[in-house]
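This is what each chain is made of:
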Amino acid sequence: MGRRSRGNAENPPKRTRNRYNLRSESSRAKRDAALGGTDGRRVEITDDEFRENSAALAVVTEGKALTVSSVDLQKETNRAVHHTEEFEQEELVVRRGQPITFKIIFDRNVKTDSDLLFAKFAYGSRPQESKGTLIRLPLNLNGDASTADNWNVKVKDVDKKVLTLTVCSEADSMIGKYELMFETKVKGSENDFANQDLDTFFYLLFNPWCKDDAVYMESEEQRNEYVLNDTGYIWTGNLRMHSARAWNFGQFESPVLEVALTLLDKGELADSGRSSVISVIRCLSALTNSNDDEGLLYGKWGSEYPKPGTKPWEWTGSVAIMEQYHTTGKPVKYGQCWVFSGVVTTLLRCLGIPTRSVTNFESAHDTDCSMTIDKHFNEDGEPIEELNDSTWNFHVWNESYFKRLDLPEGYDGWQAHDATPQELSEGVMRCGPAPIKAIKEGHVYLNFDTGFIFSEVNGDKIEWEVKKDGSMEVVWIDKYAVGANISTKAVGSSERHDLTLDYKYREGSAEERKVVEFVERFSSRRKQNIYKKAIGDKEIDYELILADDSMIGDDLEVGVKVKNLTSGTAKINVTLTMASMFYTGVAGKKIKGDRNEIELASGEEKEVKMPVSAEEYEVAVNPEFMYKVTAACRVIESGRLYASIEAFSLRKPPLVFDVGEKICSSVETIVPLTFKNTTNLKLHSAVFHVEGSYMVKARAFHIRKLIHPDDEITVDVPFYPRRLGNRTVSATFSAEEIANVEGVVNVFVVSKSEWKDESEEEKESAEPITTDETDSKPISSEEGESGGDGEAEPAVIDKEEKPMETGDGVGAGDAPDLEDQPGEQTGDVANGTD
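This structure is a prediction, so every number in the text was calculated from the model and none was measured.

J.: Would you take a moment to explain the sheet that holds strand E29 (residues 570–581) for this structure?
T.: Hydrogen bonds between backbone atoms are what pair the strands of a sheet, whose relative direction is either parallel or antiparallel. With respect to topology, four strands assemble into an open sheet ordered E30-E29-E32-E33, the strand pairing being antiparallel. Here the strands that pair on one side only, and so sit at the sheet edges, are strand E30 (587–600) and strand E33 (641–649). Between one strand and the next, the sheet's axes are offset by a mean angle of 15°, whatever the strand orientation. Judged from the nine bridges that link them, E29 and strand E32 (residues 626–635) form a sheet pairing that is antiparallel. Paired with Ile572 across the bridge in E32 is Val635.

Right under this line is the structure:
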């Protein structure tokens, strides 16, 4: 065989290489085609041709040079010290800037006086030394360390045919998949040479345990939370009533790592860019949504979610989304902000970047870079929705922790970024990362998208009255309406940790007002001098009365409490409006309106209320059961208008798991999950979704029959724990008429031996119990029936045993095209009648 030969047609070398090569399908290829090809602009060859032409990659065995028989990557040991033992990948997963130890077994004994050895690490589809994507490390068999491209290697031991060595990558190495190759020579001989492709790969990730890595995080508790914790909570709801939504991040499960690297390829992030945490976050922020380059998740807001697809509130975690994308290569339907954020937390924790999901309540959406939020009302005090900037009940984005090497000192630490598609950033639908300190101090000129995030948390709300002739007048500036209760999960607990004062100074304080005045210099409307317009002293104070303690199906009362702040009597026209809404602040259907005139003496306070029956609001209901109340108060004497809009939600029925505090590892435990319809609604096309990292693969249970009021539905969920310790399983229930019914359970998984010991102790201490036969009487199908008008049978769970391969709206046995499969992995559909 020739020295640089790569084999022959009869015996080609085995190649199972590299990372996911999408270059032939990439946007770059499409752009080249649009420009008439690459002829005259650059030399273009395929990746395979590049490898065939590269002498450094040629497979050679010649003469008496050592050849490698096998490689022992010592996966268990390396995974433990690199905190990667939870990964499901067969290949070794390690972290940059930290040594890895492995053994090379040769075909003969190593001769320390004559054998010359080189370990080579190839990265990407076109490895070459000049680009830093082929690391060639000479081995000193005397035990001295050697270095190349800031990687270093040291031979720990030579024992006949076995060579033990330790390799440490550079702390800012490119993250991704590496291939191990080996080169051997005999000293003084040109004819004894071997260059081997060992068909051995490993993944290299960011390293928050390494002080020289940009993502280094000093606190062990925080590393455990923001890198290693595979479950968590995301806060949703509204300012007055919010709750923690359990989410299965599952960052160590397959195929999360494959998907993360695939997205970097799809986003055409250059090899050199994969060493930068900023570049990786910018790329994944864009590729997590599908607005550019057909990314991971298809965002949709509204009332219609065409099938096939999974409604945003049905997801219980990220893994099912990753699995579908990995299978189909097409955007997964559907996502909203908390889904985008949960997925990004999964992707970045998987890659080793400390990351958390963060919720901002009363989150503004500035559409014109004014860094203020505009609300418009007509002369009757009714909102003009099409003119308004939106204020979301809540919005969820992400924070990641790292050093900002691209900025002056002082901006390291938590950085905000957002994959939910809202506004373009450098021509692409993405946002951030922006330093939290820069947001707080109003340094909106710093990268990236700091001004947009500032307006989300600290923009002032400008209220405009639109006259009949179309002219507008500023009637009030609300300095307290935007950005509140900024929330994330606390370290080591399920409690809410408030981040508001990290993003801004206390509302109304001198420091906060100074920041807002500074930011106005960078506003697109700074020449309008909105803050210098004469508005006058406030004549009334008012507070909305909402029904946020009410259950779905209750009759409601909403209104406003008004107080006269003037020294004289005031007559006030009060207009109340209630409408359904989406959590993005966009109005749905108007439910009811009412107008009253009240008279208040100086200092007098009075409530004006509007009753709303269940029948009235259920007609205009959306599945989220979110509403907003607008109160407009016009002082007749002065003609001034005061208006306010606030959102509220109705409480939903609970979703309950019935399981003990402990369960046994590697043993299936059937856990009942129950929903009781306490509403007055008849529920159609209901579905349970369940997911728990290393407990329950994401699956759905579809309910085929109508669920009447007071019906109770139970599905049996098989728990199969694959890891010890605390584990979380989350569930959602939804139907055409209701959404966002959530349930969660935390259990402690013990080993079989511990479970056996505890069970025997319980048996020894247990007293004999006499059971009344009536207590264990099975419920007949008749007893399970609810009353009704005979419109439909009682609710039952689909009885088919065949596993369902599809999600929302697809029944067992249906066989849609693979490309249209919805997101969740579904298991056997539960049996029985309730």
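Having seen it, we continue.
J.: Can you help me understand empty space enclosed by the protein in this one?
T.: To locate leftover empty space, one rolls a probe as large as a water molecule over the atoms. Tallied over the entire structure, the rule returns six cavities of 30 Å³ or more. Of the volumes computed, that of the second largest cavity is approximately 70 Å³. Forming the walls of the second largest cavity are Glu225, Tyr226, Thr231, Gly232, Tyr233, Phe249, Arg349, Arg356, Ser357, Thr488 and Lys489. When contributions to the lining of the second largest cavity are tallied by element, the ones reaching two or more residues are helix H4 (220–228), strand E12 (231–237), strand E16 (355–364) and strand E25 (484–489). Among the elements that make up the lining of the second largest cavity, the one with the highest residue count is E12 (three residues). Across the lining of the second largest cavity, the residue classes tally to three nonpolar, four polar and four charged.

J.: Where do I start with the sheet that holds strand E23 (residues 460–466) in this structure?
T.: Taken in spatial order, the three strands of this open sheet run E17-E23-E24, and their pairing is mixed. The two strands at the open ends of the sheet, each matched to only one other strand, are strand E17 (372–377) and strand E24 (472–478). Each strand of the sheet is rotated relative to its neighbour by a mean of 30°, with strand direction disregarded.

J.: Can you walk me through the side chain of Asn393 in this structure?
T.: Checked against the element boundaries, Asn393 lands in strand E18 (residues 391–402). Residues contacting Asn393, with those up to four places away along its chain left out, are Gly237, Asn238, Asn360, Phe361, Glu362, Met581, Phe582, Tyr583, Met626 and Ala647.

J.: What is the right way to read a negative patch on the surface from this model?
T.: Side chains of Glu597, Glu599, Glu604 and Glu637 sit close together on the surface and give a patch of like negative charge. Mapped onto the elements of the fold, Glu599 is located in strand E30.

J.: Mind showing me how you'd approach the nonpolar core here?
T.: One broad trend across soluble globular proteins is that nonpolar side chains are buried collectively. Leu257, Val277, Leu296, Trp338, Leu347 and Leu351 are the most contacted members of the largest nonpolar core, which totals 67 residues. Broken down by element, the residue count for this core peaks at ten residues, all from helix H8 (residues 337–351). Sequence-distant contacts of Leu347, that is, excluding residues within four places in its chain, are made with Val256, Val259, Ala260, Leu263, Leu284, Thr288, Leu296 and Met322. If you look at the next biggest cluster of nonpolar residues, it comprises 62 residues, including Ala570, Val612, Leu650 and Leu681.

J.: Could you clarify how one ought to interpret the layout of surface pockets in this entry?
T.: Its boundaries defined by the atoms lining it, the second largest pocket holds a volume of some 820 Å³. In terms of lining, the second largest pocket is formed by 37 residues, of which the most central are Lys461, Asp478, Ala481, Ser644 and Ile645. Of all the elements, E33 adds the most residues to the lining of the second largest pocket, at five residues. Across the lining of the second largest pocket, the residue classes break down as 16 nonpolar, seven polar and 14 charged.

J.: Could you clarify how one ought to interpret the pairing of strand E19 (residues 413–418) in this entry?
T.: For a regular strand, the rule is simple: side chains alternate between the two faces of the sheet. With six of six residues buried, E19 lies mostly within the body of the structure. Relative to E19, E18 runs antiparallel, the two being bridged by five bridges. Pairing of Phe402 across the sheet is with Gly413, part of E19. The sheet contact formed by E19 and strand E22 (residues 431–435) spans three bridges and is antiparallel. When the sheet's bridge partners are listed, Ala416 is paired in E22 with Ala434.

J.: Is there a simple way to think about the pairing of E29 in this case?
T.: In terms of burial, E29 is a largely internal element, ten of the twelve residues being buried. The sheet contact formed by E29 and E30 spans eleven bridges and is antiparallel. By the bridge assignment for E30, Met581 is matched with Ala587. Hairpin connection of E29 to E30: five residues between the antiparallel strands, including Gly585 at a positive phi of 90°.

J.: Help me understand the pattern of salt bridges, please; the structure alone is not making it clear to me.
T.: Where charged atoms from two side chains of opposite charge approach closely, those side chains can pair. Scanning the entire structure with this criterion turns up 36 salt bridges. A salt bridge links Arg96 to Asp213, with the nearest nitrogen and oxygen atoms 2.7 Å apart. You can see Arg96 sitting in the loop between strand E3 (92–95) and strand E4 (99–106) and its partner Asp213 sitting in the loop between strand E11 (193–205) and H4, a full 117 residues away along the chain. Its relative accessible area of 2% is what places Arg96 among the buried residues.

J.: Explain helix H5 (residues 256–266) to me, please; I cannot follow it from the model alone.
T.: Three or four residues apart is the spacing at which side chains of an α-helix point the same way, because the helix has 3.6 residues per turn. For H5, a buried count of ten out of eleven residues is recorded, marking the element as mostly surrounded by other parts of the structure. Restricting attention to buried positions, one finds in H5 the residues Val256, Leu257, Glu258, Val259, Ala260, Leu261, Thr262, Leu263, Leu264 and Asp265. Turning to H5, the residues buried within the fold contact E3, strand E10 (176–186), E11, helix H6 (277–287), helix H7 (319–328) and H8. Phi turns positive one or two residues past the end of H5, at Glu268, with a value near 55°.

J.: Can you walk me through unusual backbone geometry in this structure?
T.: A negative phi holds for most residues other than glycine; trans holds for most peptide bonds. Look at the link from Ser254 to Pro255: it is a cis peptide, with omega at 10°. Structurally, the position occupied by Pro255 is in the loop between strand E13 (242–248) and H5. With an omega of 5°, the peptide bond running from Gly432 to Pro433 counts as cis. Among the secondary structure elements, Pro433 is positioned in strand E22.

Cut-offs used in this document
Residues numbered from 1 in each chain as written. Predicted model: local features only at pLDDT ≥ 70, side-chain atom pairs only at ≥ 80, totals over all residues. Heavy atoms only, no water. Pairing = 2+ DSSP bridges. Helix = DSSP H or I, 4+ residues; strand = E, 2+ residues; numbered from the N terminus. Axes fitted to C-alpha atoms, helices over the stretch in contact; angles between N-to-C directions. 1 Å grid on protein atoms, 1.4 Å probe; cavity = no way out; pocket = protein on both sides within 12 Å on 5 of 7 lines; lining within 4 Å. Points joined across faces, edges and corners; volume = space filled by probe spheres on them. Nonpolar A, V, L, I, M, F, W, Y, C, P; charged D, E, K, R; others polar. Contact = heavy atoms within 4.5 Å. Patch = residues over 30% accessible without salt bridge, like charges linked within 9 Å, V, L, I, M, F, W, Y side chains within 5 Å. Areas by Shrake-Rupley, 256 points an atom, 1.4 Å probe, with all protein chains shown as cover. Salt bridge = Lys/Arg side-chain N within 4 Å of Asp/Glu carboxyl O. Lys, Arg positive; Asp, Glu negative; His and termini not counted. Charge placed at Lys NZ, Arg CZ, Asp CG, Glu CD. Core = buried A, V, L, I, M, F, W, Y, C linked by side-chain atoms within 4.5 Å. Buried < 20%, exposed > 50% of the residue type's maximum accessible area, 1.4 Å probe, protein only.

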